[in-house]
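Listed here are the chains, written in short residue letters.
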Amino acid sequence: MLYRENGQFKSSYAADLQMLPIAQDRWFVLVLVLFAFLAVPFLASDYLFLSILIPFLILTIAAIGLNLLVGYCGQISIGHAAFMAVGAYAAYNLVLRLPQLNFLIVLLLAGFIAAGVGMLFGIPSLRIKGLYLAVATLAAQFFIDWLFARVKWFTNHSTSGSVSTAPVELFGWIVDTPVEKYVFLLALLIVFTVLAKNLVRGHIGREWMAMRDMDVAAEVIGIRPVYAKLTAFAISAFYCGVAGALWGFVHLGSWEPLAFNLTLSLNLLFMIIIGGMGSLLGCYFGAAFIVILPILLDQAPLWLGVGISTATASHLAFMIFGALIVFFLIVEPHGLARLWAIGKEKLRLWPFPH
Amino acid sequence: MLARNWPVMLLSAALMIGLVLPLATKASPPGFYIEVLLGGLMAGVLYSLVAMGFALIFKASGVFNFAQGAMVLFAALAVARLAEQMPLAVAVVLAFVIMVVLAWLIERLVLRPLVNQEGVALLMATLGVTYFLDGFGQTLWGSDIYKIELGIAKEPVMILDNVFQGGILVNKEDFAAALVAALLVTALSVFFQKTSTGRALRAVADDHQAAQSIGIPLNRIWVIVWSIAGLVALVAGIMWGAKLGVQFSVSQVALKALPVVILGGFTSVNGAILGGLIIGVGEKMAEVFLGPVMVKMFDLAGGGIENWFAYVLALLFLLVRPEGLFGEKHIDRV
Amino acid sequence: MAERRTGDVILDVKNLSLRFGGVKALTDISFDVREHEIRAIIGPNGAGKSSMLNCINGVYQPQQGSIQLRGRTFTHMNPRRVAEMGVARTFQNLALFKGMSVLENIMTGRNLKMRSNLLAQALRIGPALREEVEHRAVVENIIDFLEIQAYRKTPVGRLPYGLQKRVDLARALAMEPKVLLLDEPMAGMNLEEKQDMCRFILDVNDEFGTTIVLIEHDMGVVMDISDRLVVLDYGKKIGDGTPDEVRANQAVIDAYLGVSH
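All of the points below concern the structure found in this document.

Parameters and conventions
- Residues numbered from 1 in each chain as written.
- Chains lettered and ligands numbered in written order.
- Predicted model: local features only at pLDDT ≥ 70, side-chain atom pairs only at ≥ 80, totals over all residues.
- Pairing = 2+ DSSP bridges.
- Helix = DSSP H or I, 4+ residues; strand = E, 2+ residues; numbered from the N terminus.
- Axes fitted to C-alpha atoms, helices over the stretch in contact; angles between N-to-C directions.
- Core = buried A, V, L, I, M, F, W, Y, C linked by C-beta atoms within 7 Å.
- Buried ≥ 20, exposed ≤ 12 C-beta atoms within 10 Å, placed from the backbone.
- Domains from an automatic or database assignment.
- Contact = placed C-beta atoms within 7 Å.
- Nonpolar A, V, L, I, M, F, W, Y, C, P; charged D, E, K, R; others polar.
- Parallel < 35°, antiparallel > 145°, perpendicular 65-115°, else oblique.
- Left-handed = near helix turned anticlockwise from the far one by under 90°.

### Quick look at the sheet that holds strand E9 (residues 228-233) of chain C
Residue and element names in this part refer to chain C.
Line of reasoning, step 1. Across the sheet, six strands lie side by side as E6-E7-E8-E3-E9-E10; this open sheet has mixed pairing. Strands with a single pairing partner mark the edges of an open sheet, and in this sheet they are strand E6 (87-89) and strand E10 (236-241). Ignoring strand direction, the axes of neighbouring strands in this sheet form an average angle of 15°.
Line of reasoning, step 2. Across five bridges, the pairing between E9 and E10 is antiparallel.

### Here we look at the pairing of strand E1 (residues 9-20) of chain C
Residue and element names in this part refer to chain C.
Line of reasoning, step 1. Bridge count for E1 against strand E2 (residues 23-34) is eight bridges, and the pairing is antiparallel. The partner of Leu 11 across the bridge, within E2, is Val 33.
Line of reasoning, step 2. Two successive antiparallel strands, E1 and E2, enclose a turn made up of two residues, where Gly 21 displays a positive phi of approximately 60°.
Line of reasoning, step 3. Looking at chain direction, E1 and strand E4 (residues 64-69) are connected through five bridges and run antiparallel. Looking across to E4, one finds that Lys 14 is bridged to Ser 66.

### Focus: the nonpolar core
Line of reasoning, step 1. Of all hydrophobic cores here, the largest spans 295 residues; its most connected members are Ala62(A), Met84(A), Ala114(A), Val135(A), Tyr239(A), Ala75(B) and Ala314(B).
Line of reasoning, step 2. At 17 residues, helix H2 (residues 30-61) of chain B tops the list of elements feeding residues into this core.
Line of reasoning, step 3. Formed jointly, this core draws a minimum of three residues from each of two domains, domain 1 (1-86 + 177-261) and domain 2 (99-174) of chain C.
Line of reasoning, step 4. With sequence-adjacent residues up to four places away left out, Tyr239(A) is seen in contact with Ile61(A), Ala62(A), Ile64(A), Gly65(A), Leu68(A) and Phe192(A).

### Observations concerning the interface of chain A and chain C
Line of reasoning, step 1. On the chain C side, the residues contacting the 26 residues of chain A number 32 residues.
Line of reasoning, step 2. For the side of chain A that touches chain C, the elements supplying multiple residues, two or more each, are helix H1 (13-16), helix H7 (178-201), helix H8 (203-213) and helix H9 (215-221) of chain A.
Line of reasoning, step 3. Considering each element in turn, the side of chain A that touches chain C owes the most residues, eight residues, to H8(A).
Line of reasoning, step 4. For the side of chain A that touches chain C, the class distribution of residues is 14 nonpolar, six polar and six charged.

### Brief notes about the packing of helix H11 (residues 257-264) of chain B against helix H12 (residues 269-298) of chain B
Residues and elements named next belong to chain B.
Line of reasoning, step 1. Packing of H11 against H12 leaves a shortest axis separation of 7 Å and a crossing angle of 120°. By the criterion of interaxial angle, the relationship of H11 to H12 is oblique. Here the hand of the crossing between H11 and H12 comes out right-handed. Note on element contacts: H12 touches H11 through Gly 271, Ala 272, Leu 274, Gly 275, Gly 276, Ile 278 and Ile 279, opposite Pro 259, Val 260, Val 261, Leu 263 and Gly 264.
Line of reasoning, step 2. Counted by class, the contact of H11 with H12 contains eight nonpolar, four polar and no charged residues.

### Structural notes on the sheet that holds E1(C)
All names here are of chain C.
Line of reasoning, step 1. With antiparallel pairing, the four strands of this open sheet are ordered in space as E2-E1-E4-E5. Bordering the open sheet on either side are E2 and strand E5 (72-74), each of which pairs with just one other strand. Strand-to-strand twist across the sheet, computed as the mean angle between neighbouring axes with direction ignored, equals 15°.
Line of reasoning, step 2. Across three bridges, E4 lies against E5 in antiparallel orientation. Within the sheet, the bridge partner assigned to Leu 69 lies in E5 and is Arg 72.

### Looking at the packing of helix H4 (residues 81-97) of chain A against helix H6 (residues 130-150) of chain A
Residue and element names in this part refer to chain A.
Line of reasoning, step 1. Contact pair H4 / H6: the axes reach a minimum separation of 8 Å and the direction vectors enclose 30°. Taken together, the axes of H4 and H6 lie roughly parallel to each other. For the pair H4 and H6, the crossing hand works out as left-handed. Listed contacts from H6 to Ala 81, Ala 82, Ala 85, Val 86 and Tyr 89 of H4 are Ala 140, Gln 141, Ile 144, Asp 145 and Phe 148.
Line of reasoning, step 2. Here the residues of the contact of H4 with H6 sort into eight nonpolar, one polar and one charged.

Spelled out as structure tokens, the structure:
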């Protein structure tokens, strides 16, 4: 009843092509964005910002990056945290050696550098795919891990191997309180989401999806596999590079090379599996899930009056993750996003059963 | 076969040169060189054991069981903890039963539903299984490092000290592992080639329906497959656990098998063995001999090459010879 | 049958041979296709018809022989090059992009003509948006032409087989091809669907002058709409000519009735 499209006729292709063609969707998103910007800063506690919202925002950007490559273009990467590392260390070195640069420029440059590295490690995808490509991306992960741990120039010859950063400064505004960080990241996430959505709706997005669904037929239509795959790797790495820089500068403040290890790569992958591959909304769901579950597992027993150690909670988290991955891969490969879409479908018919 | 493909020749030549270089340039005493070589071979044997289980299962059932690595660890954990409460032999038998059941569960719940998907979905699913077993194992049995006492002396033995100056330190446990691996391979090879059950397994791996239509009892075959999976995991787990202590590490166990089977080809047991040995030796050699060179050349903060050597080697192999040393070439039909 | 003004030779296959290991898929095949005509390739199953199309497309590389396309001779076809030169095709097993809707599938056919760069697409400003709208209009014309308007937003995987075949055709048409290769466009269709498909194929040839090379098993259809035929059997050419000529060819009759060799 509420969610019908009745009366919403489009009289031009441009109108039909817009991002949110259904009016109710537009209202919903508008309200959500306003709520996020205007209400949440006053309602949320510092703990909520620091432990949940800020990691969530940054990881969503990274998840979008990975989803573009895996979900839309059908290439596999289980070493994507390496590109986050590239972005973080690039940003660190840029700020260190060119301190006069505006931080937004630093972010963009870090992203571009990560994109370059991404293209490089995307080259194997021109010859191998599937499982074999996964191993190639592992090579990228471990090699880059090692690079940043051992080559002292990257860490400015730090003896411990870690680096630390000062709070981000933008046009005189120092972003150091949780609320400020939240607003900054939220703005960035929205911008990046819109850009990603446009790419996915454009002809590059269709090229990626064609490569994913049937690459032989794609070539016959005139799609260039090399261009499609390398742009997917590059843009995906760009997003992760920016996310990595944000992760290091805004969330962590200081980090060692292990901060971007295989565990983070696998978490990113799990985010898009659970959230939904090939869906930008899924990135949001997946990131939220991965961020909230461990915290929930930590806190829930307390609410229920049952005490379990943090160690047990973390083991439990592992078990639940593992089981959920398997569950989603078997039962609903399109993840939570599909469940959401099904829910909306039902809502369109409500209160009628069909 | 190899001669026509010049990138393969180049890569092989580079590897062989790298292998011989430390000896040729007298950068290290020959005794030490042999020690490192043997150490690499022994480590390689452990890799081979895991990869072999993988290749065997694939040959026998046509299914990629990446959870093999996680199963190895689970088996090791089971043996280690059970052995604290009962004689080792009993613990091993009990662990074997547990492993067979586990293999069955994994195959039924995870691998069977995904049987038509590509390797990537299976890889991710078995990563999920690995995570699950990690948490489950630690919940059941705790997270300390546990030991498996096989009764083999832990002190290394000095051999051949009249041939090489300083002698060569060799670990008895490693010898035991190599011996066991060799026995296992031989036994399983004989089983597959010479017995009717083995032949039946290969038939099932080729084509389930055809095998069924000639009267091969599929369910019994599956039981045998799971038992083999469990057995190999158990043996690998015991050997690995005895040598290194039992502790979960995703990258070491679950993922290291990948470069090994890539080098060896997914369908070949011989390939798994060879791949494991090459990776084991390559890693050790790279770490011990190449490492210091690179540290000096690039002013690095320490070594750690073995973290990525296996994967980079696999990557190079993939670009040059995707089907591995012994695997079969794929032809894509439209 | 309507008179068609057939032009010069636009596709010339010379001495083409294709092997898969020990299996000879095609042996020394030569034939030509004239512009604006409808040329059918027929033959028993396994005769090598799809392999022939795959060679023209560049999906398979023949060991011997050459293909002359619009005046240029190639020994190795590159699929993208072939597409750029105006050759489109449909597939026997559809090869649709299952993860996309009907509209998106057909839009991929416009890919060669879309020029806007990545940044413009990301920002979706001016030229990028105009391009999307323009090509959408073209695709909508094709959708009208093939009468699949009701399904444009449906994921292709959900459509019945006959409609999927139409989408495959639409995607090929979106490339505005000079030569259209159709691999069994009517397989698995009932009589009505076949009539519709015939009508579409004839319309495409009539309105746009597209040269059509068509693999088909239904003899009635083939004899009705083709200008000329090529008959293959066991990878060899055993007949070449107008429908009447081929109908009278003893070798062709033998092949179809399965006379022992």
